[in-house]
Amino acid sequence: MTTRYLFLAALGLAAFGLTTSVTAAPRFEFTEPAVMTKRTGTGSRSTLVQGADGALYGTAQFGGPHGKGTIYRHAPGSALTAVHGFSGADGADPMGSLISMADGSLWGTAGTGGAYGHGTIFRFEPASGHLQVVHSFDGNDGHLPESTLILARDGYLYGTSVGSLDYEPTQLPGSMYRIDPATWQFTLIRRFARSGPESDLGRQPNGQLLQARDGHLYGASYLGGANDGGVLFRHDPLTGAFEKIHDFGGIGGCKPFGPLIQARDQRLYGTTTQCGALGGGTAFRVRSGGRIEAIHAFQAFDDAYFPVAGLLEASDGFLYGSSHDLGYGSLFRMRLDGSRYQRFFEFGYSDGLQSQGEFPDGTLIELDGALWGTTSAGSVVGIGGSIYQVKPLPAR
């Protein structure tokens, strides 16, 4: 079911390749090409990925035949379908995104379940619908693997696990690991301490790692560091060296959750969910020497704020992102220096009747001239979330 909403955003620049005058207000169309149900899976926090067959794939944390989450598929003109339902033995509560490999398989992680209950790494074949458990975490090598895997230039897949959350009685560490996609050999690279002096180097790493052009793997932890507001770190896959680059906190923002990106200007960009000059988190970039510069401070309760997703550098040169707002959520955009900031869409209800989705958790992708994303709750027909699309319309 597709529902359309038209909205205006006084952005004043080209949007996805459409040229407008400075005073024009481009028209955009918001649609929900697919809505999520208990059958297809609900609570999707993943970023969509395009498979070898051209369809979009993602994971849903809940629902499915066993109530433990799904892998779902959406192709244009067809209904959203669950192509795998997690049973617990093969994993449960998948929260990370999938990665599409050269052989057409999709790899991902499930936050819990598996042989020891601490989560799994899996390999899924869309053509056959067959899923294989590649690794079951045992608590010592990882707990709550929520992040998306990345394929590094050395041919290994890298990822992180969160470790015990603050409310959990256990003291299980987070971890950084790698796995050989050919042999399935798992290697623990680093543990992130749950508490104590070692937590100064970060605890609860959440977001997907990024291999920058310098070859290093960069990532962030949600907590830990000098201010317990998270750290920015990097790892050299050649030497094994690990280094803390920055302690989050204060006006630069704290508690980063989403992944980092490297933009055309070679700098790293990301978001923090809290702190900042206005209390609602920040969009930041990393300058030389590891110095963090907040390019935009989100104002709590009066702007897009609490951005849990990462940023997308779109073809029009803008950074696009989404935020929770501790309510329904918003979409925003800005230049690389933070200028021309615009909160251009607010999720929630249109005319007080129909929900447009709530909590846009997944990072946006750009595909065929449109932005695509997911919401983890709400939709025009239910509460399970949706796949949404934002597309510019020609000026009148």
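Residues numbered from 1 in each chain as written. Predicted model: local features only at pLDDT ≥ 70, side-chain atom pairs only at ≥ 80, totals over all residues. Heavy atoms only, no water.

Peer 1: Whenever I open this one, the layout of surface pockets confuses me. Can you help?
Peer 2: Where empty space is left can be seen by rolling a probe of water-molecule size over the atoms. Taken as a whole, the largest pocket spans an internal volume of roughly 960 Å³. Lining the largest pocket are 45 residues, with Thr47, Thr148, Gln208, Pro259 and Thr363 sitting closest to its centre. Among the secondary structure elements, those contributing two or more residues to the lining of the largest pocket are β7 (99-100), β11 (150-151), β16 (210-211) and β24 (312-313). Residue composition of the lining of the largest pocket, grouped by class: 23 nonpolar, 17 polar and five charged. Estimates place the volume of the second largest pocket at around 260 Å³. In this structure, the second largest pocket is lined by 13 residues; those nearest its centre are Glu146, Leu165, Tyr167, Gln204 and Phe257. (1 Å grid on protein atoms, 1.4 Å probe; cavity = no way out; pocket = protein on both sides within 12 Å on 5 of 7 lines; lining within 4 Å. Points joined across faces, edges and corners; volume = space filled by probe spheres on them. Helix = DSSP H or I, 4+ residues; strand = E, 2+ residues; numbered from the N terminus. Nonpolar A, V, L, I, M, F, W, Y, C, P; charged D, E, K, R; others polar.)

Peer 1: Help me out: how do you make sense of the pattern of salt bridges in this one?
Peer 2: A side chain with one charge may pair with a side chain of the opposite charge, provided their charged atoms come close. Summed over all chains, the structure comprises 16 salt bridges. Here Glu346 ties to Arg343 by a salt bridge, and the two come within 3.5 Å at their closest N and O atoms. A residue is classified by how much of its surface remains accessible, and Glu346, at 48% relative accessible area, is partly exposed. For Arg343, a relative accessible area of 26% puts it in the partly exposed group. Here the salt bridges share partners, and the residues they tie into one network are Asp166, Arg194, Arg203 and Asp228. (Salt bridge = Lys/Arg side-chain N within 4 Å of Asp/Glu carboxyl O. Buried < 20%, exposed > 50% of the residue type's maximum accessible area, 1.4 Å probe, protein only.)

Peer 1: Sorry, what's going on with the pairing of strand β31 (residues 370-375) here?
Peer 2: The two faces of a sheet get side chains in turn, since along a regular strand they alternate between them. In terms of burial, β31 is a largely internal element, six of the six residues being buried. The alternating pattern of β31 places Ala370, Trp372 and Thr374 on one face and Leu371, Gly373 and Thr375 on the opposite face, and all of these are buried. By the bridge criterion, three bridges tie strand β30 (residues 365-367) to β31 in an arrangement that is antiparallel. What sits directly across from Ile365, in β31, is Trp372. (Pairing = 2+ DSSP bridges.)

Peer 1: In this structure, what is going on with the packing of aromatic side chains? I would like to understand it.
Peer 2: For any pair of aromatic rings, the description rests on two quantities: the centre-to-centre distance and the angle between the ring planes. On inspection of all chains with the given rule, the structure shows 20 aromatic pairs. A centroid spacing of 4.4 Å and a plane angle of 15 degrees characterise the contact between Phe30 and Phe345, whose relative ring orientation is stacked. With Phe30 in strand β2 (residues 27-35) and Phe345 in strand β27 (residues 342-346), this pair connects stretches of sequence that are 315 residues apart. Given a relative accessible area of 0%, Phe30 falls into the buried group. We classify Phe345 as buried; its relative accessible area is 6%. (Phe/Tyr/Trp six-rings, centres within 6.5 Å; stacked < 30°, edge-to-face > 60°.)

Peer 1: Hey, could you run me through the nonpolar core in this one?
Peer 2: General note: in soluble globular proteins, nonpolar side chains tend to be found buried as a group. By size, the foremost hydrophobic cluster in this structure holds 15 residues, and its most contacted members are Tyr269, Ile295, Phe298, Leu311, Leu319, Phe332 and Met334. Of all elements in the fold, only β23 (292-299) and β26 (330-334) reach the threshold of two or more residues within this core. Filtering out sequence-adjacent residues up to four positions away, Leu311 remains in contact with Ile261, Tyr269, Gly270, Thr271, Leu319, Tyr320, Gly321, Phe332 and Thr363. (Core = buried A, V, L, I, M, F, W, Y, C linked by side-chain atoms within 4.5 Å. Contact = heavy atoms within 4.5 Å.)

Peer 1: I'm lost on the sheet that holds strand β25 (residues 319-323) in this one. Help?
Peer 2: As a general point, the strands of a sheet are linked pairwise by backbone hydrogen bonds and lie either parallel or antiparallel. With antiparallel pairing, four strands are arranged side by side in an open sheet as β24-β25-β26-β27. Looking at which strands have only one partner, the edges of the open sheet turn out to be β24 and β27. Of the pairings in the sheet, the one linking β24 to β25 comprises two bridges and is antiparallel in character. What sits directly across from Leu312, in β25, is Tyr320.

Peer 1: I keep staring at the sheet that holds strand β14 (residues 186-192) and nothing clicks. Help me out?
Peer 2: Read from one edge to the other, the open sheet built from four strands follows the order β11-β12-β13-β14, with strand pairing classed as antiparallel. Among the strands making up the open sheet, the edge pair consists of β11 and β14. Sheet topology note: the β11/strand β12 (residues 157-161) ladder contains two bridges and is antiparallel. For Leu151, the partnering residue across the bridge sits in β12 and is Leu157.

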